[in-house]
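This is what each chain is made of:
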Amino acid sequence: MQYKDINGQESVKQKLIQSVNEDRISHAQLFLGPEGNGALQLALAFAQHLNCENPTENDSCGVCNQCNKISKLIHPDLHFCLPVIGKKPNTPPVTDDYIQEWRQIYNEQQWFSQNHWLSFIGGEKKNGNITARECNEVIRKLNFKNFEGKYKVMIVWGAELLSKEGNKLLKIIEEPPANTLFILIANDLERILMTIQSRTQTLKIPRFTDENIVAFLTDKEGCDEGRARQLAGLAEGNLVEAIQMTREEENNFSELMLQWFEACFKKEVGPANKVISSLHESGRSIQKQFIYYILQYLREIMVYGYSERSLNRVSERELKLAAYMQKRCGWEDFEQLIALYEKGYYYITRNAHAKIQFFNFFIQSSNIFKQIKKKQVS
Ligand SMILES: [Zn+2]
């Protein structure tokens, strides 16, 4: 990973680059900031710049032996301490149990979240852990002499998971062997042991801007600008989430939305639950995209009317549904529906329980449609 592979985070890069150029590297740093801020990628670009045989003022060369090994995560002086899950009964897991998988996911994806990593190795986020055995491994590895790099680098991804066993690391963080760099990556300062906080230098890494995300998606993921803007809006500064959304297969939300509204119109719990379960399993980014799809659809019917929607963009059945809704719903009904889904969207982005939130959508949408039917009768 080179700095040039990361669109944005310029001031963070400048701080890191300057510390290398001036040879003033803090040996224990805490990269702190929200998920999807590129902390892992920045740590790797930093490690590569630091060890590169022919670095420029602003980046590693990307082609020397050191760069090559670091970019494949096979450098003998580059170590990781990762959240992992139990593999064998009665043996606490360590990163080395999963080092092949780690290289594989990085090689294939480069940008991924801890959730993706843990599901890649067959676990769930809640089960990911950094064990006491792992802490011993960290100490053991850092006590080796450097093999070939100028710096030995230990990247701890998910420093929140260093529970009290993390205290084992205090001595080595405070007085590390020569030419050792500790990079701890975390999202949540409150969950970091105080003893560790006080021994590390914190580097705050903010969210990416929407412009950074649009640039990344159009340059590197081949996304068209319209779609990139839409995803940037959905991702709220989380580049990893935006990339994952780009990579997910084009979702057919149309069919799902038709099933959804049919269930709501008829107030049928069974079919609604089918949609809810499938959304629940698909994860938060799909849930957000689905709500966004519904909101776009409702706004367009409200503003343009179904007849002006281009036939290329919506299916015959979506047109029919639009015609049906437009005939029955007034302006204020659409307003009520849009407000409902906007509010729900907000809760989902704040990690509301998906099943409960979607069931609430179902009840409230059904009630709005029921009122409409009543109005028509009277
Ligand atoms: Zn190099």
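Residues numbered from 1 in each chain as written. Predicted model: local features only at pLDDT ≥ 70, side-chain atom pairs only at ≥ 80, totals over all residues.

**Notes on the domain arrangement of the protein**
Next up, step 1: In terms of domain boundaries, the protein breaks down into domain 1 (3–206), domain 2 (213–247) and domain 3 (253–377).
Next up, step 2: Each of domain 2 and domain 3 has a C-alpha centre, and these two points are 24 Å apart.
Next up, step 3: Between domain 2 and domain 3, the residue contacts involve five residues of the former and five residues of the latter.
Next up, step 4: Broken down by element, the side of domain 2 that touches domain 3 gets its largest block of residues, three residues, from helix α11 (residues 239–247).
Next up, step 5: Residue composition of the side of domain 2 that touches domain 3, by class: two nonpolar, one polar and two charged. (Domains from an automatic or database assignment. Contact = placed C-beta atoms within 7 Å. Helix = DSSP H or I, 4+ residues; strand = E, 2+ residues; numbered from the N terminus. Nonpolar A, V, L, I, M, F, W, Y, C, P; charged D, E, K, R; others polar.)

**Some remarks on the pairing of strand β2 (residues 78–81)**
Next up, step 1: Here β2 shows two buried faces, one formed by Leu78 and Phe80 and the other by His79 and Cys81.
Next up, step 2: Two strands pair when backbone bridges link them, and β2 and strand β3 (residues 152–157) are joined in this way by four bridges, in the parallel orientation. Bridge assignment links Cys81 to a residue of β3, and that residue is Val156. (Buried ≥ 20, exposed ≤ 12 C-beta atoms within 10 Å, placed from the backbone. Pairing = 2+ DSSP bridges.)

**Some details on the nonpolar core**
Next up, step 1: Of all hydrophobic cores here, the largest spans 53 residues; its most connected members are Phe31, Leu42, Ala43, Ile183 and Ile185.
Next up, step 2: Considering each element in turn, this core owes the most residues, nine residues, to helix α2 (residues 39–51).
Next up, step 3: One finds Ala263, Ala272, Leu298 and Tyr345 within the second-largest nonpolar core, a separate group that totals 27 residues. (Core = buried A, V, L, I, M, F, W, Y, C linked by C-beta atoms within 7 Å.)

**What about the sheet that holds strand β5 (residues 201–204)?**
Next up, step 1: Strands sit in the order β2-β3-β4-β1-β5 across an open sheet of five strands; the sheet is parallel. Pairing within the sheet leaves two strands with one partner each, and these edge strands are β2 and β5. Neighbour-to-neighbour, the strand axes of this sheet turn through a mean angle of 20°, independent of strand direction. (Axes fitted to C-alpha atoms, helices over the stretch in contact; angles between N-to-C directions.)

**Let's talk about the pairing of β3**
Next up, step 1: With six of its six residues buried, β3 lies for the most part within the structure.
Next up, step 2: Side chains Lys152, Met154 and Val156 project from β3 onto one buried face, and the interleaved Val153, Ile155 and Trp157 project onto a second face that is buried too.
Next up, step 3: Looking at chain direction, β3 and strand β4 (residues 180–186) are connected through six bridges and run parallel. Bridge pairing links Val156 to Leu184 in β4.

**Looking at the environment of Leu234**
Next up, step 1: Relative to the helices and strands, Leu234 resides in helix α10 (residues 225–235).
Next up, step 2: Residue classification places Leu234 among the partly exposed residues on the basis of 19 C-beta atoms within 10 Å.
Next up, step 3: Taking the C-alpha atoms as reference points, Leu234 and Ile155, 79 residues apart in sequence, are found 29 Å from one another.
Next up, step 4: Residues in contact with Leu234, not counting those within four places in the same chain, are Met245, Lys288, Gln289 and Tyr292.

**What about the packing of helix α12 (residues 253–266) against helix α14 (residues 284–304)?**
Next up, step 1: Running from amino to carboxyl end, α12 crosses α14 at an angle of 75°, the nearest separation of the two axes being 10 Å. In terms of orientation, α12 lies roughly perpendicular with respect to α14. Residues Phe253, Leu256 and Met257 of α12 touch α14, and the partners they reach there are Gln289, Phe290, Tyr293, Ile294 and Tyr297.
Next up, step 2: Its residues placed into classes, the contact of α12 with α14 shows seven nonpolar, one polar and no charged. (Parallel < 35°, antiparallel > 145°, perpendicular 65-115°, else oblique.)

**As for the packing of helix α9 (residues 210–220) against α11**
The description of two packed helices rests on the angle between their axes and on the distance between the axes.
Next up, step 1: Where α9 meets α11, the axes come as close as 10 Å, and the angle between the chain directions of the two elements is 35°. The handedness of the crossing between α9 and α11 is right-handed. Touching Ile213, Phe216 and Leu217 of α9 are Leu239, Ala242 and Thr246, all from α11.
Next up, step 2: Here the contact of α9 with α11 is built from residues that sort into five nonpolar, one polar and no charged. (Left-handed = near helix turned anticlockwise from the far one by under 90°.)

**Digging into helix α16 (residues 331–349)**
Along an α-helix, residues three or four positions apart point the same way, because every turn accommodates 3.6 residues.
Next up, step 1: End to end, α16 covers 27 Å across 19 residues, agreeing with the expected 27 Å (1.5 Å per residue, within 8%).
Next up, step 2: Every buried residue of α16 is accounted for by Leu337, Tyr341, Gly344, Tyr345 and Ile348. End-on view of α16: buried residues confined to an arc of 110°, all on one side of the axis. Opposite the buried face of α16, by more than 90 degrees, sit the exposed residues Trp331, Glu332, Ala339, Glu342 and Tyr346. (Expected span 1.5 Å × (residues − 1). Arc of directions from axis to C-beta.)

**Here we look at α10**
Next up, step 1: Taken as a whole, α10 has its buried residues at Ala228, Leu231, Ala232 and Ala235. Seen end-on, α10 carries its buried residues on one side only, within an arc spanning 105°.
Next up, step 2: The secondary structure elements touched by the buried residues of α10 are α9 and α11.

**Considerations on the environment of Asn187**
Next up, step 1: Note that Asn187 resides in the loop between β4 and α8 (194–197).
Next up, step 2: Through-space distance from the C-alpha of Asn187 to that of Gln100 is 25 Å; in sequence the pair is 87 residues apart.
Next up, step 3: Aside from chain neighbours lying at most four places away, what touches Asn187 is Gly33, Pro34 and Glu35.

**Notes on unusual backbone geometry**
Next up, step 1: Of note in the backbone geometry, Gln9 takes a positive phi value of approximately 55° without being a glycine.
Next up, step 2: Looking at the element boundaries, Gln9 is found in the segment before α1 (10–21).
Next up, step 3: Phi at Asn90 takes a positive value of approximately 65°, unusual for a residue other than glycine.
Next up, step 4: Within the secondary structure, Asn90 sits in the loop between β2 and α4 (99–109).
Next up, step 5: Looking at Asn90, the number of C-beta atoms within 10 Å reads 5, which means it is exposed.

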